[in-house]
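# Architecture at a glance
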Amino acid sequence: MSPLEPRPIDLPSRVDLGFRADLSFLDDAKILGAPEDPADLPRWRAKLAEWLIGSYDRTPYNSTQYDVPERAWTQTAYSVALVWLWDDLLYDVSTGRFTPEKFVRHGIEQFGGHDAIVLWHAYPVIGIDSRNQFDFYRDVPGLRELIDDLHRLGVKVFFDYNPWDVGTRRAARSDAAEFAALVTDYAVDGVFLDTLKEGDPTFTRALRAANPAIALEGESRLPMARVSDHALSWAQWFADTHAPGVLRAHLFERRHMMHHTRRWHRDHSAELQSAWINGVGILVWESVFSSWVGWNARDRATLRRMVTAQRAFAPVLIDGDWIQLTPEIPDKARVHGIYGSRFDLQDITFWTLINRHEDDFEGIVLRSEDQVGDWYDVTSGVPITANDDGVHLVVPGRGVTGIIRVGATAGASCRTTARKLGTLERPHVDDSAFPMRPAERLPVPTVSGTASIGPTVDVPAGAQRLTVKHRRRETGLYDQAPYVDEWKPLPPRLHDVRTVTRDVELPGIAVAVSEVTNAEYFAFVQATGYRPLIANRFLAQWVDGAPVAGTEDQPVTYVDLPDARAYAAWRGGRLPTEDEWQVAAGLDGFARAEPLVWNLTESEHRDGRSRFCILKGGSHYQAEGSDWYADGGPREPEVSFKLVLTGGGLDRSETIGFRCAG
């Protein structure tokens, strides 16, 4: 299969329009596909209603979970951001403080505001040492204060659960008990179920006991039986028909919120349009595990227009009568690619229109028999009227438009709301260029050549052609996103070993034959009084500020890049780059101390959202049981590992040390 094409499991399900057709197979569908022939639409809508009635007979359903007032926010969570806990918008590494106001402001300006955030915390770092997924939350200084601030700013918070984390440090309690304690201690609103369609019932019960209003959201197609106790789900990698189909889980329970996402795509118009026409939400994911896949200007503008209208008229979308692919679209508009849904509640009608074509459509987009009332374009700000010819509007290419009709019996507040919405700019197709944000290497410090770093090997100056190996993960290796515009990455294109050739120019430098030891770092601390900005986990293996007896000659660990750089500068040197380290490792005299630890290198990169550096050499520790873990075990010199950097001292690890160059 082409990785650019949907898998068979991702394709929309065809609705059998035959008389007495068995529709039960649609219970497992992602999207109920729509027919291309408009003549088939009345029967298609009838079949959707038939399936819905039958599905309630086949699936015992209890909707009381949706009646919990404290969980009602899920029904209008139209925009959720998945964000690395240490994203530059959320954490300032220079001050060691979280910046929730900066994150929220970015969300408002670029996307119309986020209703919730998934604080992604461990993967792709977990497995670098024995810390488990719960440690990666509990070790974060100021995390509860961050969550309190996000709540104050009107943003709900999800924690991430990794069911595949079975090979790190085992806690005394079960995963269910550990995560339930997190929910309580950090006032979490929701749980994102990584890699899961649904939560295990035992796990779910423990969370409900900790917080009866906790919201669960899975990553993929949710089984019918679990719609009752999972308030949200991702519509991830849901392919659609050209005439847009209907999201099965949302049709079954209109209060069930879904979030469309295709994480590697640079064009998000398809999932935006499906979300708009179904009345559901979007997951915004700009930096995928340190791979930049930010949204283009057109799609950001589209989402701003969407969520503003969706929030204002959420009751209509949730409780109104829903006519899928309304027949009120004229043939000329439909042939161009205009489709729409109609939602009616009391004396308010909301049409959600989309344009599948690249070009704008200007003309009659809607003919309605009921022209009474006040009409508003709630997504572009253009005053409109309905007459015998219909509603004349512009629907932007690959974009959306919303129309509200407020009848005579509707309250004045509805008119005021609709009037205020028409102030957002209309996106343009020429705003669809991908906003490339390359990762830039921080400058490598210069050294005088008189460093005092002990025995060394000399790395010669000049050009070198290096062979580098790395395991292809979602992080990529440097600044490239590894699966751009691809569908779901799967083996053999995921976790396979890649070999690349790099032509580099080396300045010529001496590299220490071994790692800095505990004793050497102790001498540095004693001589300088060095204290890091954030002391969390600093030299955590020491006791009373000194190495444990018998470990003096072992590599110093529990130090991060700034800690290592400070020591190297004190010695008059710096860290070797990953290329210098690799060349040095092939020279006589280069050694690895025990216990084996990864070596930091002078390779910090930043792209304005995330930071990373390259580790070399492998370590004595290797987490077993999942391909999602970070690399471990001894590694050949040509192997590089991209360490996505954290904050708050969490980069300090029992398996990471360093050596100097000068």
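Heads up: these notes are all about the structure in this document. (Residues numbered from 1 in each chain as written. Predicted model: local features only at pLDDT ≥ 70, side-chain atom pairs only at ≥ 80, totals over all residues. Heavy atoms only, no water.)

## Notes on the overall build of the chain
Looking only at helices and strands, the chain has 15 helices and 31 strands in total. Computed over C-alpha atoms, the radius of gyration of the chain comes to 28 Å, within 12% of the 26 Å expected from 2.2 N^0.38 for 662 residues, which places it in the range of a compact globule. Going through the 662 residues of the chain one by one, you find that 60% of them count as buried. Accessible surface computed for the chain: about 24800 Å², of which carbon and sulfur atoms make up 51%. Positive and negative charge centroids in the chain, built from 72 and 93 side chains respectively, lie 1 Å apart. (Helix = DSSP H or I, 4+ residues; strand = E, 2+ residues; numbered from the N terminus. Rg over C-alpha atoms; globule rule 2.2 N^0.38 Å. Buried < 20%, exposed > 50% of the residue type's maximum accessible area, 1.4 Å probe, protein only. Areas by Shrake-Rupley, 256 points an atom, 1.4 Å probe, with all protein chains shown as cover. Lys, Arg positive; Asp, Glu negative; His and termini not counted. Charge placed at Lys NZ, Arg CZ, Asp CG, Glu CD.)

## Comments concerning the nonpolar core
The tendency in soluble globular proteins is for nonpolar side chains to be buried side by side. By size, the foremost hydrophobic cluster in this structure holds 163 residues, and its most contacted members are Phe159, Tyr521 and Phe658. Take this core: its biggest share by element is six residues, from helix H5 (residues 175-186). What Tyr521 contacts, discounting residues up to four positions off in sequence, is Val516, Tyr530, Phe538, Leu539, Trp542, Val556, Val559, Asp563, Tyr567 and Phe658. Ala333, Ile384, Ala386 and Val391 belong to the second largest nonpolar core, which has 15 residues in total. (Core = buried A, V, L, I, M, F, W, Y, C linked by side-chain atoms within 4.5 Å. Contact = heavy atoms within 4.5 Å.)

## Regarding the sheet that holds strand E11 (residues 257-261)
Spatial strand order, E2-E5-E6-E7-E8-E9-E11-E12: eight strands in a closed barrel with parallel pairing. Strand-to-strand twist of the sheet, defined as the mean angle between neighbouring strand axes without regard to direction, takes the value 25 degrees. (Pairing = 2+ DSSP bridges. Axes fitted to C-alpha atoms, helices over the stretch in contact; angles between N-to-C directions.)

## A short note on the packing of aromatic side chains
Following the criterion strictly, the structure yields 42 aromatic pairs and no others. Taken together, a centroid distance of 5.1 Å and an interplanar angle of 70 degrees make the contact between Tyr521 and Phe524 edge-to-face. Placement of both Tyr521 and Phe524 in helix H13 (residues 518-528) is noted, with a separation of three residues, approximately one turn of the helix. When the ring of Tyr521 is compared with that of Tyr567, the centres are 5.6 Å apart and the planes differ by 20 degrees; the resulting orientation is stacked. With Tyr521 in helix H13 and Tyr567 in helix H14 (residues 561-570), this pair connects stretches of sequence that are 46 residues apart. Tyr567 shares its class with Tyr521; the two are buried. One aromatic cluster is present, formed by Trp120, Tyr123, Trp164, Phe192, Trp234, Trp285, Phe289, Trp628 and Tyr629 through successive ring pairs. Stacked on the ring of Phe434, the Lys or Arg Arg266 has its end atom at 3.8 Å from the ring centre. Note that Arg437 overlies the ring of Trp292, its terminal NZ or CZ placed 4.2 Å from the centroid. (Phe/Tyr/Trp six-rings, centres within 6.5 Å; stacked < 30°, edge-to-face > 60°. Lys NZ or Arg CZ within 6 Å of the ring centre and 35° of its normal.)

## Considerations on the sheet that holds strand E17 (residues 348-355)
What the five strands build is an open sheet, ordered E15-E16-E17-E21-E19; its pairing is antiparallel. Edge positions in the open sheet fall to strand E15 (321-323) and strand E19 (374-377), since each of these has one partner strand only. Taking each pair of neighbouring strands and ignoring which way they run, the sheet shows an average axis angle of 15 degrees. For E15 and strand E16 (residues 338-345), the ladder comprises three bridges, and the chain directions are antiparallel.

## Observations regarding the environment of Pro547
Considering the arrangement of structural elements, one finds Pro547 in the loop between H13 and H14. Along the primary structure Pro547 and Thr517 are separated by 30 residues, whereas in three dimensions their C-alpha atoms are 9.8 Å apart. Excluding residues that lie within four positions of it along the chain, Pro547 makes contacts with Asn518, Phe522 and Trp542.

## Overview of the environment of Asp321
With respect to the helices, strands and loops of the structure, Asp321 is situated in strand E15. For Asp321 and Asp503, which are 182 residues apart along the polypeptide, the C-alpha to C-alpha distance reads 63 Å. Once you skip the residues sitting within four places of it in the chain, Asp321 turns out to touch Arg342, Phe343 and Asp344.

## Observations concerning helix H9 (residues 297-312)
With 16 residues, H9 should cover 22 Å at 1.5 Å per step; its first-to-last C-alpha distance of 23 Å lies within 8% of that length. The buried count for H9 comes to 12 of 16 residues, which makes it a mostly enclosed element. With a side-chain oxygen positioned 3.1 Å from the backbone nitrogen of Arg298, the residue opening H9 is Asn296. (Expected span 1.5 Å × (residues − 1). Polar contact = N/O pair within 3.5 Å; in protein donor to acceptor, adjacent residues only side chain to side chain.)

## As for unusual backbone geometry
Excluding glycine, a negative phi dihedral is what most residues carry, and trans is how most peptide bonds are arranged. Backbone torsion omega between Tyr123 and Pro124 reads 15 degrees, so that peptide bond is classified as cis. Mapped onto the secondary structure, Pro124 falls in the loop between strand E5 (116-120) and helix H3 (135-138). In this structure, Pro595 follows Glu594 across a cis peptide bond, with omega equal to -5 degrees. Looking at where Pro595 falls in the secondary structure, it is placed in the loop between helix H15 (578-585) and strand E27 (598-600). One non-glycine residue, Trp237, lies in the positive phi region at around 60 degrees. Structurally, Trp237 can be placed in the loop between strand E9 (232-236) and strand E10 (246-247). The backbone of Phe289 sits at a positive phi, close to 55 degrees, despite the residue not being glycine. As for its position among the elements, Phe289 is in the loop between strand E13 (287-288) and strand E14 (291-292). A relative accessible area of 7% places Phe289 in the buried class.

## Comments concerning the packing of helix H8 (residues 269-278) against H9
The description of two helices packed together rests on the angle between their axes and the distance between the axes. Packing of H8 against H9 brings their axes to within 10 Å, and their N-to-C directions diverge by 10 degrees. It follows from the interaxial angle that H8 and H9 lie roughly parallel. In contact with Ser269, Leu272, Ala275 and Trp276 of H8, H9 contributes Arg298, Asp299, Thr302, Leu303, Met306, Ala309 and Gln310. Here the residues of the contact of H8 with H9 are counted per class, giving six nonpolar, three polar and two charged. (Parallel < 35°, antiparallel > 145°, perpendicular 65-115°, else oblique. Nonpolar A, V, L, I, M, F, W, Y, C, P; charged D, E, K, R; others polar.)

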